[in-house]
Amino acid sequence: MALRPYALLPRQYDDRKVLASTVDAWGRTLWLICRDAVFPSHSHGRARPEPLGLPFDALVVVNDAGAVQERELRGVTVNPYRIDALPNGRIVLEGRSSVGDRNAQIFGRDGRSRRCFAMGAHVAFMMADRRNNLWTAYTDEGIYSDPISSAGLARWDSGGNHLWGYWPPHGIEHITDIEAVNVTDGAAWAVYWPASPLLEARSDGQVRAWAQPVASPRGLAVHDDRVLLLGGHHRGSARQDGFTTAHYGHMADGEAVIAEEAVLTMPNGDPLQGRARPVGRGRNLYLHGRTSKQWYVLGL
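Note that this is a predicted model, so its numbers are computed, not measured.

A. Representation of the pattern of salt bridges. Going through the model one piece at a time under the given rule, you end up with 10 salt bridges. Taking the shortest distance from any N to any O, the salt bridge between R130 and D185 comes out at 2.7 Å. Of this pair, R130 sits in the loop between β10 (123–128) and β11 (133–138) while D185 sits in the loop between β14 (177–184) and β15 (187–193), and the two are 55 residues apart along the sequence. On the basis of relative accessible area, D185 is assigned to the partly exposed category, the value being 22%. R202 is the partner of E200 in a salt bridge, and the nearest nitrogen-oxygen pair spans 2.8 Å. Within the structure, one salt-bridge network assembled from shared partners comprises E200, R202 and R208.

Following this line, the structure appears as structure tokens:
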């Protein structure tokens, strides 16, 4: 089974200066570009672009079904790791801050900063929906070190006000590390360590969970009672396959049952090369290729 191309950063933009990218709740692809990006040396891993200094001005390139628009952001005070679009034309960034623990920043339609606030440490996912909810999920480093991150999964309003933190239903272990997240309107879905339950948390406070057999998946898509888990391995097996296998199943009677599996490849049949976390939006999973300029899609 092959991924399908979804969106490509236009040639006139330098993909080496992309600080963050995502596919938003409306299906638009966003790239955050720093014109004066630098590449600090690191002792491990590939160097990622960073702004020359803080604050800085950035360019948001938006691909909406092939129509490309630009947005200017002025006075960015975080070194951005994540970007997403909020309702009413606003943009939210999360990253390393120059103003204490205020590691998130919201910009208005005019590109000017509206608010800086603390979103918690070690954010793994930051995703907004179309109903003014902003969902965040955290790695184990944040869960065990930061009071905001300690819930593992949190919900904010689109103004950056903290509204909710996860607490597990009776008989289910608490989040110690988030593995995969999917956001639909009014709900966040997640799979987390240690038990890898499939969790649905709704904005009205309802929480449901299903047992499922795939440990450590990297991506998650949901639609009605169907579920797609990308990567990971069956519980009890030591085999890890990264993004290689797509596990298809359905939810019933408190359990997600895997009914089919397929090997996933690039459109030309090559093995998957991406390492970034996939973006799950309802029935679709969006993945990078080797760089942040190209997005691919896999759907239910």
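Here the narrative resumes, following the displayed structure.
B. Region of interest: unusual backbone geometry. Geometrically, the link from L54 to P55 is a cis peptide bond, its omega value of -5 degrees lying close to zero. Looking at the element boundaries, P55 is found in the loop between β3 (29–33) and β4 (56–64). Of the consecutive residues W193 and P194, the connecting peptide bond is found in the cis state with omega at 20 degrees.

C. Focus on the nonpolar core. Of all hydrophobic cores here, the largest spans 44 residues; its most connected members are M119, L134, L153, I178 and V181. Per element, the largest residue contribution to this core is six residues, and it comes from β10. With sequence-adjacent residues up to four places away left out, I178 is seen in contact with F125, A137, Y138, G152, A190, V191, Y192 and R277. Counting 18 residues, the second-largest nonpolar core is a separate cluster that includes L19, I83, I91 and F107.

Here is what the cut-offs are and how they apply
- Residues numbered from 1 in each chain as written.
- Predicted model: local features only at pLDDT ≥ 70, side-chain atom pairs only at ≥ 80, totals over all residues.
- Heavy atoms only, no water.
- Salt bridge = Lys/Arg side-chain N within 4 Å of Asp/Glu carboxyl O.
- Helix = DSSP H or I, 4+ residues; strand = E, 2+ residues; numbered from the N terminus.
- Buried < 20%, exposed > 50% of the residue type's maximum accessible area, 1.4 Å probe, protein only.
- Core = buried A, V, L, I, M, F, W, Y, C linked by side-chain atoms within 4.5 Å.
- Contact = heavy atoms within 4.5 Å.

Any functional reading would require information beyond the geometric quantities listed.
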